[in-house]
Amino acid sequence: MAMKVQLAGFNVEAALLEETRKRFGEAVTPEVISAAYARISRDPRNVSALRKEARGAVEKARRSNERIVFGLGHASVAEHAVVNLDLTGLSRLAVEELESFRLASYTEKSQRYIRLARDVVVPAEIKEARLEREFRSLVGDLHDAYETAYRSMAASGEDPGRAKEDARYLMPLATATQLGMTVNARELEYVIRRLAGHPLDELRELSRRIFKATKGLIPSLIRYAEPGPHYREMPDAMREIAAMVPRRAAKREPIGASVRLVDVTPEADTRLAAGIIFSARGVSMREAGAAAARLGSKGRGRVIAGALKRIERHDSVWREFETVQFAFEIVLSASCYAQLKRHRIATLLPQPYDPRLGLSIPETFVRAKRVALLRDAAGRAGRFYGSHARKLGRAAEYSLLNAHRRRVLFCLNLRELYHFSRLRSDMTAQWEIRMISDEMCRLAAEAGPFGALLLGGKDGFAEKRRALFPEE
Ligand SMILES: Cc1cc2nc3c(=O)[nH]c(=O)nc-3n(C[C@H](O)[C@H](O)[C@H](O)COP(=O)(O)OP(=O)(O)OC[C@H]3O[C@@H](n4cnc5c(N)ncnc54)[C@H](O)[C@@H]3O)c2cc1C
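Residues numbered from 1 in each chain as written. Predicted model: local features only at pLDDT ≥ 70, side-chain atom pairs only at ≥ 80, totals over all residues. Heavy atoms only, no water.

**So, the site of the ligand**
By nearness alone, 13 residues border the ligand, and Glu108, Arg342, Arg344, Glu416 and His419 come closest of all. Backbone polar atom of Glu108 to an oxygen atom of the ligand: 2.6 Å apart, as the coordinates give it. Within the side chain of Arg342, a nitrogen or oxygen atom sits 2.7 Å from an oxygen atom of the ligand. For the ligand, whose free accessible area comes to 940 Å², the fraction covered by protein is 59%. Listed by contribution, the elements that provide at least two residues to the shell around the ligand are β2 (104-108) and α18 (414-424). In terms of residue class, the shell around the ligand is made up of 3 nonpolar, 5 polar and 5 charged. (Near = heavy atom within 4 Å. Polar contact = N/O pair within 3.5 Å; in protein donor to acceptor, adjacent residues only side chain to side chain. Areas by Shrake-Rupley, 256 points an atom, 1.4 Å probe, with all protein chains shown as cover. Helix = DSSP H or I, 4+ residues; strand = E, 2+ residues; numbered from the N terminus. Nonpolar A, V, L, I, M, F, W, Y, C, P; charged D, E, K, R; others polar.)

Below, the structure is given as structure tokens:
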């Protein structure tokens, strides 16, 4: 069969789709592509013919999808159907939970580049607890403080962009935002199910609305909208597990460094060199490991440098770098978390926000002599949180500021750390995530100096590469 590439479909903006649906009816659904591709595995006909058939008999295509995806469990077929969703009027807190779903794409209004309006989400939990007035008064004061901080920074000669980007440390997690999301039907069903059992009312409501907006378009691919007890009762299970651990064994330690390397592949450079030798020489991993050990440090350095020799600024390091894994424990602000969580090729376990972890204070507040403003605002928000946390549960976090912090476990491999540091140790990166990224690179270099040779921001890449390969 001669090679042929044919466009089978693409995403089209909703108003145009509506017009097309008026003409072609139900056939205008991404289910057609899923059904056609599902048949590839068992039907010898050409895929274009399968597509034509699915297009001409949508109800049959839907039945076939249901049987294959849900009956047989060949669920990856649902990944061929993709939708785009405009999401508006969501709080920052809710967006954080939504964006924890990694197999989707998001673009969100930046609090860094846009001067923020006084638009907030007042969650149902706060209304039901009759705390709306107190809450509105708090967020009103936070918005006033944001404006004051912004003006003070601008007046003290700060770049207006930087002033905007740092004044937002005063904004509450209830701040409303908007985003665009692109997601395939398999992940979408998972999002709907998980959010349907979320402790926050706003996310349960989001689940219902996403279901309503998509069910009519892809009914054969979204079947289960309710979570089972495994996820719905996860908070209960966590409480039970916490009770199994004696207080003494799980006591709180003071916060030291905000980045700690808590786990790393032992002998990181030897493992990396072994991974590269495994691919280069075609030997077993055991033999590759022994060869890497025999080469000595210099020899391993040469092998790893060989894997980096032709790399340019926008290239990713080879997949062999994934053989080295890191686990970092990081204490970071909500502003910074909003950025960290966007890195999807990683495992991120966030703890809830906790005012006891203190604040991240931008230097611009120090220079503008507005630290007290931030501390006072955070203190007030912390008191609201402390007084009502028992009643509100996780919804108390809506009152906290972008400067408030949480602790996370961030596990990623060396290849992803390269990608992360290119973006986040770069001069264009936001200051807090840059500090964190720089520290992660430093700790990674302690664990495996050769593997870490070209870690760092895009801006410093050329110089680092020249220093490493002066003859090139
Ligand atoms: C300076 C700066 C400004 C930013 N401003 C904004 C902003 O205003 N609004 C906003 O929403 N975000 C913003 N971001 C976040 C940015 O869009 C990314 O979401 C974030 O940097 C994570 O990068 P990533 O997707 O490359 O990383 P990861 O998710 O860690 O992915 C690593 C790599 O895997 C591949 N990959 C992962 N998932 C996919 C996929 N679904 N399809 C194809 N390839 C994939 C890509 O090669 C990617 O580089 C900004 C980031 C930076 C650095």
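**Focus: the domain arrangement of the protein chain**
Partitioning the protein chain into structural domains gives domain 1 (14-80) and domain 2 (266-320). The C-alpha-based centres of domain 1 and domain 2 are spaced at 45 Å. (Domains from an automatic or database assignment.)

**What to know about the packing of helix α9 (residues 185-196) against helix α10 (residues 201-215)**
Look at α9 against α10: their axes get within 7 Å of each other, and the N-to-C directions meet at 145 degrees. Relative to α10, the crossing made by α9 is left-handed. Facing Leu188, Val191, Ile192, Leu195 and Ala196 of α9, the residues of α10 in contact are Leu203, Arg204, Leu206, Ser207, Ile210, Phe211 and Thr214. (Axes fitted to C-alpha atoms, helices over the stretch in contact; angles between N-to-C directions. Left-handed = near helix turned anticlockwise from the far one by under 90°. Contact = heavy atoms within 4.5 Å.)

**Comments concerning the pattern of salt bridges**
Overall, the coordinates contain 29 salt bridges when judged by the stated rule. Glu96 is paired through a salt bridge with Arg406; the nearest N and O atoms lie 3.1 Å apart. Of this pair, Glu96 sits in helix α5 (residues 92-98) while Arg406 is found in strand β7 (residues 405-413), placing the two residues 310 residues apart along the sequence. As far as the burial class goes, Glu96 and Arg406 line up, both buried. Here Glu363 and Arg367 are joined by a salt bridge, their closest N and O atoms 3.2 Å apart. Of this pair, Glu363 and Arg367 both sit in helix α16 (residues 363-367), separated by 4 residues, roughly a single helical turn. The exposure class of Glu363 is exposed, given its relative accessible area of 52%. (Salt bridge = Lys/Arg side-chain N within 4 Å of Asp/Glu carboxyl O. Buried < 20%, exposed > 50% of the residue type's maximum accessible area, 1.4 Å probe, protein only.)

**Brief notes about the packing of aromatic side chains**
Note on aromatic pairs: each is described by the distance of the centres and the angle between the planes. Using the criterion set out here, one finds 8 aromatic pairs in the structure. Both rings, one in Phe70 and one in Tyr224, keep their centres 5.7 Å apart while their planes meet at 80 degrees; by these two values the pair is edge-to-face. Taken together, the residues span a long stretch of sequence, with Phe70 in helix α4 (residues 58-71) and Tyr224 in the loop between α10 and α11 (229-232) at a distance of 154 residues. Judged by its relative accessible area of 40%, Tyr224 falls in the partly exposed class. Feature note: the residues Phe101, Tyr190 and Tyr231 constitute an aromatic cluster, connected by ring pairs. Taking NZ or CZ as reference, Arg406 lies 4.4 Å from the ring centre of Tyr337, over its face. (Phe/Tyr/Trp six-rings, centres within 6.5 Å; stacked < 30°, edge-to-face > 60°. Lys NZ or Arg CZ within 6 Å of the ring centre and 35° of its normal.)

**Some words on helix α8 (residues 160-167)**
Listed in full, the buried residues belonging to α8 are Ala163, Lys164, Glu165, Asp166 and Ala167. Where α8 is buried, its residues contact α7 (132-155), α16 and α19 (431-447).

**Here we look at the pairing of β2**
Only one face of β2 is covered, namely the face carrying Ala104, Tyr106 and Glu108; the face carrying Ser105 and Thr107 is uncovered. Sheet topology places β2 next to strand β3 (residues 176-184); 5 bridges connect them, and they run antiparallel. When the sheet's bridge partners are listed, Tyr106 is paired in β3 with Met181. (Pairing = 2+ DSSP bridges.)

**Considerations on the sheet that holds strand β1 (residues 82-91)**
The strand order across the open sheet built from 3 strands is β1-β3-β2, with neighbouring strands paired in antiparallel fashion. Sheet topology places β1 and β2 at the edges, where each strand pairs with a single neighbour. For this sheet, the mean angle separating the axes of adjacent strands, direction not counted, is 20 degrees. Pairing of β1 with β3, which is carried by 9 bridges, proceeds in the antiparallel orientation.

**Things to note about a nonpolar patch on the surface**
Residues Tyr190, Tyr231, Met234, Met238, Ile241, Met244 and Val245 make up a contiguous nonpolar surface patch of roughly 650 Å² in combined accessible area. Ranked by residue count, the leading element in the nonpolar patch is helix α12 (residues 234-244), at 4 residues. A relative accessible area of 33% means that Tyr190 is categorised as partly exposed. (Patch = residues over 30% accessible without salt bridge, like charges linked within 9 Å, V, L, I, M, F, W, Y side chains within 5 Å.)

**What about helix α14 (residues 285-308)?**
Taking 1.5 Å of rise per residue, the 24 residues of α14 would be expected to cover 34 Å, yet its terminal C-alpha atoms sit only 21 Å apart, more than 12% below that figure. At Gly296, α14 shows its largest bend, some 120 degrees. Listed in full, the buried residues belonging to α14 are Ala288, Ala292, Gly299, Arg300, Gly301, Ile304, Ala305, Ala307 and Leu308. In the core, the buried residues of α14 are packed alongside α13 (268-281) and α18. (Expected span 1.5 Å × (residues − 1). Bend = angle between axes of the 7 residues up to and from the residue.)

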